[in-house]
Amino acid sequence: RTSVPIPFPQSTFSSLTRAWSNCLTSLDLDGITNCEFMAQGKNVLSNLRNLQHLESLSLKCSPYSMTMLQLNVEWLPPKLQSLQLRWFILTATKRPTHLDHMRRLSLERCTSSNLQHFQNVLEGLPSLSCLDLEDILDLSERHIMLIRPLTQLTSLSVVAIGNHHITNSMLGLLTSLTGLRRLKWHAGDMLDSILDPAFLKAFPNLFVLSLTTSMFYRMTRWSAL
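How each quantity is defined
Residues numbered from 1 in each chain as written. Predicted model: local features only at pLDDT ≥ 70, side-chain atom pairs only at ≥ 80, totals over all residues. Heavy atoms only, no water. Buried < 20%, exposed > 50% of the residue type's maximum accessible area, 1.4 Å probe, protein only. Helix = DSSP H or I, 4+ residues; strand = E, 2+ residues; numbered from the N terminus. Pairing = 2+ DSSP bridges. Axes fitted to C-alpha atoms, helices over the stretch in contact; angles between N-to-C directions. Phe/Tyr/Trp six-rings, centres within 6.5 Å; stacked < 30°, edge-to-face > 60°. Salt bridge = Lys/Arg side-chain N within 4 Å of Asp/Glu carboxyl O.

Caption draft 1: Layout of the pairing of strand β4 (residues 56-61). Buried residues dominate β4, accounting for five of its six residues. Taken together, the six bridges between strand β1 (residues 26-32) and β4 define a ladder with parallel strand orientation. In the strand pairing of β4, Ile-32 is matched with Cys-61.

Caption draft 2: Structural context of the sheet that holds strand β12 (residues 182-188). Pairing is parallel across the open sheet formed by eight strands, whose spatial order is β1-β4-β6-β8-β10-β11-β12-β13. Across the chains shown, the open sheet's two edge strands, defined by having one partner strand only, are β1 and β13 (208-211). Put simply, the sheet's adjacent strands are angled 5 degrees from each other on average, direction ignored.

Caption draft 3: Main features of the packing of aromatic side chains. Going through the model one piece at a time under the given rule, you end up with one aromatic pair. Here Phe-216 and Tyr-217 contribute two aromatic rings whose centre-to-centre distance is 5.6 Å and whose plane-to-plane angle is 70 degrees, an arrangement assigned as edge-to-face.

Caption draft 4: Representation of the pattern of salt bridges in the model. Within the structure shown, the criterion is met by three salt bridges. The salt bridge involving Asp-30 is made with Arg-86; its shortest N-O contact spans 2.9 Å. Here Asp-30 is found in strand β1, whereas its partner Arg-86 is found in strand β6 (residues 82-86), with 56 residues between them in sequence. A relative accessible area of 52% places Asp-30 in the exposed class. Here Arg-104 ties to Asp-132 by a salt bridge, and the two come within 3.3 Å at their closest N and O atoms. In this pair, Arg-104 sits in strand β8 (residues 104-108) while Asp-132 sits in strand β10 (residues 130-134), placing the two residues 28 residues apart along the sequence. With relative accessibility at 30%, the residue Arg-104 sits in the partly exposed group. Judged by its relative accessible area of 10%, Asp-132 falls in the buried class.

Functional significance is not addressed by these values, which are geometric in nature.
Next up, the structure:
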């Protein structure tokens, strides 16, 4: 795999996508800021579409960045299999039709322009098998409902500690995901009810289960595990 460290701002993203358009397969940018990717009001991430052989993409904004970067799924190259984003606004005005190879989507501290955009993204990833949602800024029950039809998922991670919109009872909305082999569910707080063990029985293929330490002890105390 080809992986290139990129010094910013000495080397511009636009130049890289032109120079490596036919050979770059993996790109990992960490600690980027909004000012590095906005030129005269244009988001240069739109040049991602030039990387026709890109399979793995990781874009992580700096934790000190005051403004979130925007990424339109229409800019993503067609062979992409894995996308990891941190501190991004993910947009999709319509359902993408070119991301048939995408298997993993990992979002950390991200948001979407609106619920419809999030739905368009999920509906445009027919091969998605791994979905990670960590500290999504506007995550709610409506987002969880949109995950429900993704019966092809084998791995799901939801981290929403401190988000009062996400409770442990919402795992019951996802019992249709019977193909799950890995589940990470970190939600609720000490005031929330314990996770209903009946929900876990809906996942007969589950090999790996990750709960918060407090939830594990509470379920053990009440003989729920």
